[in-house]
Amino acid sequence: MVTTSDPRRALGLRIKQLRSEISLTQEELAERCGLFRTYMSRMESGLANPTLTVLHTLARGLEVDIGVLLSPPADDPRPLAKVRSAQPISRGRVSGRRG
């Protein structure tokens, strides 16, 4: 079990672990949950303090019980793998000619 004094950081690690286990990108999980990807990133980084409603929404999106989501992050010596989207991610840029 990973120990951290900041519960937001511990929750963020747990979200990232569970998301990685089911091979979802932040964007895919955010879409499942009806949240912005930037908010998902802030939660995983321990910078956001999600409401109880958002926690339940995340648990449903991750297909786990709320208790599993709120359990401490696993102590796994392997770094979490980056999950790549099968679809190209829009960054708000339009390709092609300018002007």
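Residues numbered from 1 in each chain as written. Predicted model: local features only at pLDDT ≥ 70, side-chain atom pairs only at ≥ 80, totals over all residues. Heavy atoms only, no water.

Student: Just to check I follow, could you spell out unusual backbone geometry for this structure?
Tutor: Even without being glycine, Ser 23 reaches a positive phi, approximately 55°. With respect to the helices and strands, the residue Ser 23 is situated in the loop between α1 (7–21) and α2 (26–33). (Helix = DSSP H or I, 4+ residues; strand = E, 2+ residues; numbered from the N terminus.)

Student: Can you help me understand the pattern of salt bridges in this one?
Tutor: If charged atoms from side chains of opposite charge come close, those side chains can pair. Enumeration over the complete set of coordinates arrives at three salt bridges. For the salt bridge of Arg 8 with Asp 6, the shortest nitrogen-to-oxygen distance reads 3.5 Å. For Arg 8, a relative accessible area of 35% puts it in the partly exposed group. With a relative accessible area of 23%, Asp 6 lands in the partly exposed category. Close ionic contact of Glu 63 with Arg 32 constitutes a salt bridge, the shortest N to O distance being 3.4 Å. Here Arg 32 lies in helix α2 and Glu 63 lies in the loop between α4 (52–62) and α5 (66–70), a separation of 31 residues in the sequence. (Salt bridge = Lys/Arg side-chain N within 4 Å of Asp/Glu carboxyl O. Buried < 20%, exposed > 50% of the residue type's maximum accessible area, 1.4 Å probe, protein only.)

Student: Could you clarify how one ought to interpret the environment of Glu 27 in this entry?
Tutor: Along the chain, Glu 27 turns up in helix α2. The class for Glu 27 is partly exposed, based on a relative accessible area of 31%. Measuring from C-alpha to C-alpha, the distance between Glu 27 and Met 40 comes to 7.9 Å, with 13 residues separating the pair along the chain.

Student: Please clarify how the packing of α2 against helix α3 (residues 37–44) should be interpreted in this entry.
Tutor: Pairs of packed helices are described in terms of their axes, by the angle between the two and the distance that separates them. The interhelical angle for the contact between α2 and α3, taken along N-to-C directions, is 110°, at an axis separation of 8 Å. For the element pair α2 / α3, the angle class is roughly perpendicular. Seen along the crossing, α2 lies across α3 with a hand that is right-handed. Taken together, the residues of α3 that come into contact with α2 (itself represented by Gln 26, Glu 27, Leu 29 and Ala 30) are Arg 37, Met 40, Ser 41 and Glu 44. Each residue belonging to the contact of α2 with α3 can be placed in one class, and the counts come to three nonpolar, two polar and three charged. (Axes fitted to C-alpha atoms, helices over the stretch in contact; angles between N-to-C directions. Parallel < 35°, antiparallel > 145°, perpendicular 65-115°, else oblique. Left-handed = near helix turned anticlockwise from the far one by under 90°. Contact = heavy atoms within 4.5 Å. Nonpolar A, V, L, I, M, F, W, Y, C, P; charged D, E, K, R; others polar.)

Student: Can you help me understand the nonpolar core in this one?
Tutor: In a soluble, globular protein the nonpolar side chains are often hidden away together inside. Ranked by internal contacts, the top residues of the largest apolar core, which has 16 residues, are Ile 15, Leu 29, Met 40, Met 43, Leu 58 and Leu 69. Contributing elements (two or more residues each) for this core: α1, α2, α3 and α4. Per element, the largest residue contribution to this core is five residues, and it comes from α4. (Core = buried A, V, L, I, M, F, W, Y, C linked by side-chain atoms within 4.5 Å.)

Student: Which parts of the structure should I look at to understand the packing of α1 against α3?
Tutor: Axis separation between α1 and α3 bottoms out at 7 Å; the angle between their running directions is 120°. Together, Arg 8, Arg 9, Gly 12, Leu 13, Ile 15, Lys 16 and Arg 19 of α1 and Met 40, Met 43 and Glu 44 of α3 make up the contact between the two elements. Residue composition of the contact of α1 with α3, by class: four nonpolar, one polar and five charged.

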